[in-house]
Amino acid sequence: MMLVPGGRDRGYCRAASHNLILHVLINTNHSCVAAANYFCNQTMRQLSGFSFPFLFALTIIGYVSAENERSTYIIHMDKSHMPKVFTGPHHWYSSTVDSIKTASPATSDGHQSPARVLYTYDNAVHGFSAVLSKDEMETVKKSPGFLSAYGDKQVTVDTSHTFEFLSLNPVTGLWPASNYGKDVIIGVIDSGVWPESKSYHDEGMTAVPSKWKGTCEAGQEFNSSLCNLKLIGARYFNKGVIAANPNVTISMNSARDTRGHGTHTSSIAAGNYVAEASYFGYATGTARGVAPKARLAIYKATWDEGQYASDVIAGIDAAVLDGVDVLSISLGLRFSTPLYEDPVAVASFGAMEKGVFVSASAGNIGYATGRVRNSRISNGTPWVTTVGAGSVDRWFSGTLTLGNGLTITGWSMLPARAIVKNVELYYNESMSPCESTELFDSLNTGPRIVICENKQQTEVSSDMGSIANSAARSVAAAIFESHWPLTDDYYFESRDFPFPGVIISSKDMKSVIEYAKLGFTSRASISFQETRVGTTRAPAVASYTSRGPSRSYPGILKPDIMAPGTLVLASWSPVQFATTLRGILLASDFNILSGSSRAAAHVAGVAAMLKGVHPGWSPAAIRSAMMTTANPLDSTRNPIPDNAYNGAVASPIAMGAGQIDPNRALDPGLVYDAAPHDYANILCSINYTASQIMTITRSKGYNCSNPSSDLNYPSFIALYNIGEVGRFVQKFERTLTNVGRGGGTYKANVTAPEGTTVTVSPKTLVFGKINDKKTYSLTLNYRGLDNRLSISGSIVWVEEKGKHTVRSPIVVALKYELH
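Residues numbered from 1 in each chain as written. Predicted model: local features only at pLDDT ≥ 70, side-chain atom pairs only at ≥ 80, totals over all residues. Heavy atoms only, no water.

Student: Even after reading the chapter, I still don't get the overall build of the protein chain, so can you show me in this structure?
Tutor: Helix and strand content of the protein chain: 20 helices and 45 strands. Counting over 819 residues, the protein chain shows a buried share of 60%. (Helix = DSSP H or I, 4+ residues; strand = E, 2+ residues; numbered from the N terminus. Buried < 20%, exposed > 50% of the residue type's maximum accessible area, 1.4 Å probe, protein only.)

Written out as structure tokens, the structure is:
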């Protein structure tokens, strides 16, 4: 199916196939030219293969090629072996490949696929990516300076209120202290940017910082003039995609975002102010990013035609060279792999080493039908900040009013101002699940509101889709039943609502059915497009967010922290539909989506502002400030619940230290700092070879004279294996640095995990001045947990006669093996 442009400015584009599908452009104030050109070059692939971005942080999976064909390899090199005859790394790597070329194997169409270098990496990574045969790769392994190599890996894609929910305000706290992130540069590795979005206007922005070395790269439907004082850079990387698919045609060969994911995440991190933003009438207000005066640099490395790690590494490498201060990365491995074979882990080490704070999504495989399974957290890398997703206290609703006066508030995100007023109710117990077309065929005497019970406790979306796809004009609306709490994101992480209706609780459904049984006298009305704030308990850990411990390195508690990720309003690409309504594809300049990608973007914005206030803080110090001031309580002052476990108390393996509190992170009192050599000591402690370690560190300056698995981290985790019995002892040593004004005395307040004993020595730390350091030990005596996933407690250093409390979670957890 080809999409044919049907008009400009506030018009529509028409799709021609076996059936006609309208793609409506709603609330767009920009030209439709870019959108129309994009539509005309797309096929039905966009619909049949579309991965809905609210569900996913970007996930990397393996790329496999045929035995007799060339593949793309990512190759790590020891730069110290470069002969002096070469002018630079690119010259060296290209000469290495040129010197080992064999006869090019013929492809299926008879053409030759030459060996060639795709990218040279020299900032976050030392090495290159190249298209090679297996024999050529074996020859490269014998070259001087070779460290390691692995095949390229394919990747696929993983507001107006959240700033209020995080207590950011213009009077006190982090916003005014940082001047809203002024002049800090956030780099976003994602699917690009829609530069015409109002979130990227530069009104009120000052001159671009002199440290910026990046560029605005021109490309298809993207002129360099589209960058400005807010959007200061845009680059794109697709050599890996093209190498993997030599006959591919890139539909949008530029940094322009045709998927929407990159536009959404970047505007969350640092979008400028946009008045009267909304999603089809929901969440109406002034949208803004977490750090609205920070600069944005976009690195498009994921494409409709495929996504590969070689392109992602190139984006990270370029961002470090360009001079970004913070990186927001929604990428992670679906399958566990050692750190030295994880391209994002390797590249982020180089970024961290150069002082760049890296915020990365935890992933979105935390739930399965029937609730939760043991998920594999993404980005459980010691030197990045791993972010889990939580809910906010905003609710989108529809109000059901029965003819007897009973009013019920339910969930609805119908994208229209539908009129459902004084309509007859219809209830048929034998067909109430609304799965049978017989129900709709029987309604031929006028419009009805059908009642859809959920006796099998299945997902509401299946019944909703059945009605939306039916041709029954007699069905005016529907009432759906949820067996889960209406505040639970089990259903509502997906905000698609393709049919007029409202979801209500099982308790309320009983009242509706009793009234409906009165017969023709039972009538009802439904109103839509209602947004309620502060009416729900929040935050809660999202059921979809991935949980720890990390399989790549389980010795550090991951995720680190939780931030808003569920139903977040932010800018969107108008060429990607935002939702559907009775088969019609609807577009919007703003979209409400869910996922840990959104949470990571929030943390990137907070990190940018902390960097602005404390330019001398390391990435580890910034992470520590966030973690030790995070809030483990929700809006009711009770422990944060977990939606994946029916609202039970959330574990740190799901939420880390708790919900981020930006204003408290501004002044944490004490921090747990760490330098690059501390992370190298971890690598030495886990029996990596010298080449594997150097693949990550890129330097022989890190030796293994002091290997240690006990990183100076703001959390503690002890692991046990299934079936282990008896008691175990693990000792940790930590050093705290005073970053508060003047000195202070802190005393330890310990809450031991159930069935454990925690000993702290010394129990009092006295700091005389700023940058004073004090060391303490924490000894954990614990036992196996009868196959329970985890138990938790905490240590809080409380300042005497002061305002600072420095909290760290303590966890005993089931160990996952790396596989």
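Next comes the rest of the account.
Student: What should I look at first to understand the packing of aromatic side chains in this one?
Tutor: Two aromatic rings are characterised by how far apart their centres lie and by the angle between their planes. Under the defined criterion, the tally for this structure stands at 19 aromatic pairs. Where Phe 716 meets Phe 732, the ring centres are 5.3 Å apart and the plane angle is 80°; that geometry is what we call edge-to-face. Note that Phe 716 is positioned in strand E38 (residues 716-720) and Phe 732 in strand E39 (residues 727-738), a separation of 16 residues in sequence. Taken as a pair, Phe 716 and Phe 732 share a single burial class, namely buried. Look at Tyr 776 and Trp 797: their rings are 4.9 Å apart centre to centre, the planes differ by 65°, and that puts the pair in the edge-to-face class. Here Trp 797 lies in strand E44 (residues 790-799) and Tyr 776 lies in strand E43 (residues 773-783), a separation of 21 residues in the sequence. (Phe/Tyr/Trp six-rings, centres within 6.5 Å; stacked < 30°, edge-to-face > 60°.)

Student: Looking at this model, I keep getting lost on the sheet that holds E38. Mind explaining?
Tutor: Either a parallel or an antiparallel arrangement is found when strands of a sheet pair, and the pairing is made through backbone hydrogen bonds. With respect to topology, 5 strands assemble into an open sheet ordered E38-E45-E44-E40-E42, the strand pairing being mixed. One side of each edge strand has no neighbouring strand; the edge strands of this open sheet are E38 and strand E42 (764-767). On average, each strand axis in the sheet is tilted by 20° relative to the strand beside it, whichever way the strands run. Across 9 bridges, the pairing between E44 and strand E45 (residues 805-814) is antiparallel. Pairing of Val 796 across the sheet is with Arg 807, part of E45. (Pairing = 2+ DSSP bridges. Axes fitted to C-alpha atoms, helices over the stretch in contact; angles between N-to-C directions.)

Student: Sorry if this is basic, but what is going on with the nonpolar core here?
Tutor: Soluble globular proteins tend to bury their nonpolar side chains together. Membership of the largest hydrophobic core comes to 116 residues, with the highest contact counts inside it found for Leu 327, Trp 383 and Met 626. Every residue in contact with Trp 383, bar those within four places of it in the chain, is listed here: Leu 339, Ala 345, Ser 348, Phe 349, Met 352, Arg 623, Tyr 679, Leu 683 and Ile 696. Grouped together as the second largest cluster of nonpolar side chains are 52 residues, Tyr 279, Ile 504, Ile 513 and Ala 524 included. (Core = buried A, V, L, I, M, F, W, Y, C linked by side-chain atoms within 4.5 Å. Contact = heavy atoms within 4.5 Å.)

Student: What exactly am I supposed to notice about the state of the cysteines here?
Tutor: Throughout this description, disulfide means a covalent bond between two cysteine sulfur atoms. By the definition in use, this model includes 2 disulfides. Note that Cys 684 is cross-linked by a disulfide to Cys 704, the S-S spacing being 2.0 Å. What sets the handedness of the Cys 684 and Cys 704 disulfide is the S-S torsion sign, and at about -75° it is left-handed. Here Cys 704 lies in the loop between helix H20 (690-697) and E38 and Cys 684 lies in helix H19 (residues 676-685), a separation of 20 residues in the sequence. Judged by its relative accessible area of 12%, Cys 684 is buried. Classification of Cys 704 as partly exposed rests on a relative accessible area of 42%. (Disulfide = S-S within 2.5 Å.)

Student: It is not clear to me how the pairing of strand E33 (residues 584-587) should be interpreted in this structure. Could you clarify?
Tutor: Where a strand is regular, its side chains alternate between the two sheet faces. Here 3 bridges tie strand E32 (residues 579-581) to E33, and the two strands are oriented antiparallel to one another. Opposite Thr 580, over in E33, you have Leu 585 as the bridge partner. Counted between consecutive antiparallel strands, the loop separating E32 from E33 contains 2 residues, among which Arg 582 sits at a positive phi close to 50°.

Student: Mind showing me how you'd approach the pattern of salt bridges here?
Tutor: Pairs can form between side chains of opposite charge whenever their charged atoms are close. Scanning the entire structure with this criterion turns up 19 salt bridges. One salt bridge in this structure joins Glu 138 and Lys 141, with 3.2 Å as the shortest N-O distance. Take Lys 141: its relative accessible area is 39%, and that puts it in the partly exposed class. A salt bridge links Lys 211 to Asp 325; the shortest N-O distance between them is 2.7 Å. Taken together, the positions of Lys 211 in the loop between strand E10 (185-190) and strand E11 (231-236) and Asp 325 in the loop between helix H9 (309-322) and strand E17 (326-329) put the pair 114 residues apart, joining distant regions of the chain. Since its relative accessible area comes to 34%, Lys 211 is described here as partly exposed. What makes Asp 325 buried here is its relative accessible area of 11%. It is possible to trace a salt-bridge network through shared partners that takes in Lys 182, Asp 183 and Arg 295. (Salt bridge = Lys/Arg side-chain N within 4 Å of Asp/Glu carboxyl O.)

Student: How do you make sense of the UniProt feature "active site" (unreviewed entry) in the protein chain when you look at a structure like this?
Tutor: The residues that UniProt annotates with the feature "active site" (unreviewed entry) are Asp 190, His 261 and Ser 597. In sequence the annotated residues extend across 408 residues, while in space they remain close, none of their C-alpha pairs exceeding 10.0 Å. Mapped onto the elements of the fold, His 261 is located in helix H8 (residues 261-270). Given a relative accessible area of 1%, His 261 falls into the buried group. Locating Ser 597 in the fold gives a position in helix H15 (residues 596-613). (UniProt positions renumbered as here; feature names shortened; annotations may be inferred.)

Student: I would appreciate a short explanation of H20 in the present structure.
Tutor: The α-helix winds at 3.6 residues per turn, so residues separated by three or four positions along the chain end up facing the same way. Most of H20 is tucked away: 6 of the 8 residues are buried. If you check which residues of H20 are buried, you get Gln 692, Ile 693, Met 694, Thr 695, Ile 696 and Thr 697. In this structure, the buried side of H20 is in contact with strand E5 (71-77), strand E8 (146-151), helix H10 (343-353) and H19.

Student: How should I be thinking about the sheet that holds E5 in this particular structure?
Tutor: Taken together, 4 strands build an open sheet; the order of strands is E6-E7-E5-E8 and the sheet is antiparallel. Looking at strand neighbours, the two that pair on one side only are strand E6 (116-121) and E8, the edges of this open sheet. Pairs of neighbouring strands in the sheet enclose a mean axial angle of 20°, with direction left out of account. Examined bridge by bridge, E5 and E8 share 5 bridges and lie antiparallel to one another. Residue pairing across strands places His 76 opposite Ser 148, the latter belonging to E8. On the sheet, H9 packs against E5, E6, strand E7 (127-132) and E8 and is oriented at approximately 35° with respect to E6.

Student: Got a minute to help me understand the packing of H19 against H20 in this structure?
Tutor: When two helices pack together, their arrangement is given by the angle between their axes and by how far apart the axes lie. Between H19 and H20, the least distance of the axes is 10 Å, while the angle of their chain directions is 155°. Overall, the two elements H19 and H20 adopt an arrangement that is roughly antiparallel. Of the two possible hands of crossing, H19 and H20 adopt the one that is right-handed. Residues Ala 680, Leu 683 and Cys 684 of H19 touch H20, and the partners they reach there are Ile 693, Ile 696 and Thr 697. (Parallel < 35°, antiparallel > 145°, perpendicular 65-115°, else oblique. Left-handed = near helix turned anticlockwise from the far one by under 90°.)

Student: Can you help me understand the confidence of the model for the protein chain in this one?
Tutor: Low pLDDT means the predicted atomic positions in that stretch should not be read closely. Mean pLDDT for the protein chain: 84, with 82% of residues reaching 70 or above. Here residues 103-111 is modelled with pLDDT under 50, and outside its nearest four sequence neighbours on either side it reaches 14 contacts, counting other chains as well. This stretch, residues 368-373, has a pLDDT under 50; its non-local contacts, to residues over four places away or in other chains, come to 19 contacts. (pLDDT = per-residue confidence, 0-100.)

Student: Please clarify how unusual backbone geometry should be interpreted in this entry.
Tutor: Negative phi values dominate among residues other than glycine, just as trans dominates among peptide bonds. Along the chain, Lys 558 connects to Pro 559 via a cis peptide bond; the corresponding omega equals 0°. Turning to its location among the elements, Pro 559 is positioned in the loop between strand E29 (523-533) and strand E30 (561-564). Even without glycine at this site, Arg 582 takes up a positive phi of about 50°. Of note, Arg 582 is situated in the loop between E32 and E33.

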